[in-house]
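# Examination of the molecular architecture
Listed here are the chains, written in short residue letters.
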Amino acid sequence: MHVLNSLPPHNLFGIEEQDYKTARIAVLPIPYDSASTYGPGSRFGPDAIIEASRYLELYDIDTRSDPTKLGVFTLEQLAPDFASPERMVRRISKEVSIILQDRKVPLLLGGEHTVAVGAMDALSNTRKEFTVLHFDAHSDSRDELYGSKYCHACAMARIAELHNDYYSIGIRSIDKDSAMRKSNRIIYMKAIHSMGIKALAGLLAMKSAKNVYITFDFDALDPSEMPSTGTPEPDGFRFSEVMELFSLLLPKKNLIGMDFTELAPMPGMRAPDFLAAKLIYGTLAYAFAGKPTKA
Ligand SMILES: [Mn+2]
């Protein structure tokens, strides 16, 4: 039965009629945060993003488009596996493989950053050439933490084992061993401040493959705009800087998948949840709807 005057349905962007068959983007909500160390709560992230996204204006001013017209289908939430993070990663990999076989672009809503490892496992099986663009305050490059190789602080170490074409962008917290390795795959926030967003876009456009995968930890953003993360770190990206970067970079690239992780919503605080939803919307607009219009 259809309720007259109902609120938007509870899916990403509150889309009235979802159709998996024709959808280009498949959204997989993963309420999983079992391996967090400092502040848990990112298991509530997918719900908070979806809730906020229902109230988003779907017309994007900058690209003069409505990216939901691509077809965005929100799948059921993936049940967490509490037995082991390794099994959870395998479960995610299986789901993402199905999405890829169905020729859709996976969009994962975390949950903690570990969920990205599952996506990477599935993508590396496709043998496609692609570059991972990793946005984060933390390098997440520890081999293990507290005896676990599958924790959120080890996500990039695992991803790098599966796929070594990646850039970690916006880093401002790193363990000594990882820093000493002096990887040219790490782009520190300090360097970004001095080169500026346009130069960063140029650098990434040049250095990355045509296909890109975005793994976006919300703590890449400055805590003043994005306080709702388990491990906030000062001096991050502004929302507008990320959008500018994506507007310059993504129209030149082919976005093959993405995950947005580590939003740990704070009760009563709606702005960060809304920002997260809008950032995802903007990513789709620039990646799929085309070039921004001149200001
Ligand atoms: Mn992080």
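From a predicted model like this one, the values you see are computed outputs, not experimental measurements. (Residues numbered from 1 in each chain as written. Predicted model: local features only at pLDDT ≥ 70, side-chain atom pairs only at ≥ 80, totals over all residues. Heavy atoms only, no water.)

Right, let's talk about the pairing of strand 1 (residues 25-30) for a bit. Summarising burial for strand 1: six of the six residues are buried, a large majority. Taking every second residue as pointing to the same face, both faces of strand 1 are buried, with Ile 25, Val 27 and Pro 29 on one and Ala 26, Leu 28 and Ile 30 on the other. Both strand 1 and strand 2 (residues 72-74) contribute to a ladder of three bridges, which runs parallel. Note that in strand 2 the partner of Ala 26 across the bridge is Phe 73. Here six bridges tie strand 1 to strand 3 (residues 105-110), and the two strands are oriented parallel to one another. (Buried < 20%, exposed > 50% of the residue type's maximum accessible area, 1.4 Å probe, protein only. Helix = DSSP H or I, 4+ residues; strand = E, 2+ residues; numbered from the N terminus. Pairing = 2+ DSSP bridges.)

Further remarks concern the pairing of strand 5 (residues 166-171). Two faces make up the sheet, and in a regular strand the side chains alternate between them. Counting buried residues in strand 5 gives six out of six residues, a clear majority hidden from the surface. With four bridges joining them, strand 4 (residues 131-135) and strand 5 adopt parallel strand pairing. Opposite Phe 135, over in strand 5, you have Ile 169 as the bridge partner. Following the backbone out of strand 4, through helix 4 (residues 155-162) and into the adjacent parallel strand 5, one traces a crossover that is right-handed. (Right-handed = clockwise from strand over helix to strand, strands pointing away.)

Here we take up the nonpolar core. Counting 56 residues, the largest nonpolar core has Leu 107, Phe 135, Ile 169, Phe 216, Phe 218, Phe 237 and Phe 246 as its most contacted members. Counting residues per element, this core draws most heavily on helix 9 (residues 271-289), at 10 residues. Here Phe 246 is in contact with Phe 135, Ile 214, Phe 216, Pro 251, Thr 283 and Tyr 286, once residues within four sequence places are set aside. (Core = buried A, V, L, I, M, F, W, Y, C linked by side-chain atoms within 4.5 Å. Contact = heavy atoms within 4.5 Å.)

The description of two helices packed together rests on the angle between their axes and the distance between the axes. Packing of helix 3 (residues 115-124) against helix 4 brings their axes to within 9 Å, and their N-to-C directions diverge by 5°. It follows that helix 3 is roughly parallel to helix 4 by the angle criterion. Contacts between helix 3 and helix 4 involve Ala 116, Val 117, Met 120, Asp 121 and Ser 124 from the former and Ala 155, Arg 158, Ile 159 and Leu 162 from the latter. The residue makeup of the contact of helix 3 with helix 4, split by class, is six nonpolar, one polar and two charged. (Axes fitted to C-alpha atoms, helices over the stretch in contact; angles between N-to-C directions. Parallel < 35°, antiparallel > 145°, perpendicular 65-115°, else oblique. Nonpolar A, V, L, I, M, F, W, Y, C, P; charged D, E, K, R; others polar.)

Looking now at helix 1 (residues 45-53). Most of helix 1 is tucked away, with seven of its nine residues classed as buried. By the burial criterion, the buried members of helix 1 are Gly 45, Pro 46, Ala 48, Ile 49, Ile 50, Ala 52 and Ser 53. Of the surrounding secondary structure, the elements contacted by the buried residues of helix 1 are strand 1, strand 2, strand 3 and helix 9.

In this description, a pair of aromatic rings is defined by centroid distance and the angle of the planes. Evaluation of the coordinates by the stated rule reveals nine aromatic pairs. Relative to Phe 246, the ring of Phe 135 lies with its centre 5.5 Å away and its plane at 75°, an arrangement referred to as edge-to-face. With Phe 135 in strand 4 and Phe 246 in helix 8 (residues 239-249), the pair connects residues that are 111 residues apart, well separated along the chain. The pair Phe 135 / Phe 246 is uniform in exposure class, with both members buried. For the ring pair Phe 216 and Phe 218, a centre distance of 5.6 Å and an interplane angle of 65° mean the geometry is edge-to-face. By relative accessible area, Phe 218 is classed as buried at 0%. Here a set of aromatic residues connected by ring pairs shows up, and it is made of Phe 135, Phe 216, Phe 218, Phe 237, Phe 246 and Phe 260. Its guanidinium or amino end placed over the ring of Tyr 20, Lys 104 lies 4.9 Å from that ring's centre, counting from NZ or CZ. (Phe/Tyr/Trp six-rings, centres within 6.5 Å; stacked < 30°, edge-to-face > 60°. Lys NZ or Arg CZ within 6 Å of the ring centre and 35° of its normal.)

The analysis is restricted to geometry; functional conclusions fall outside its scope.
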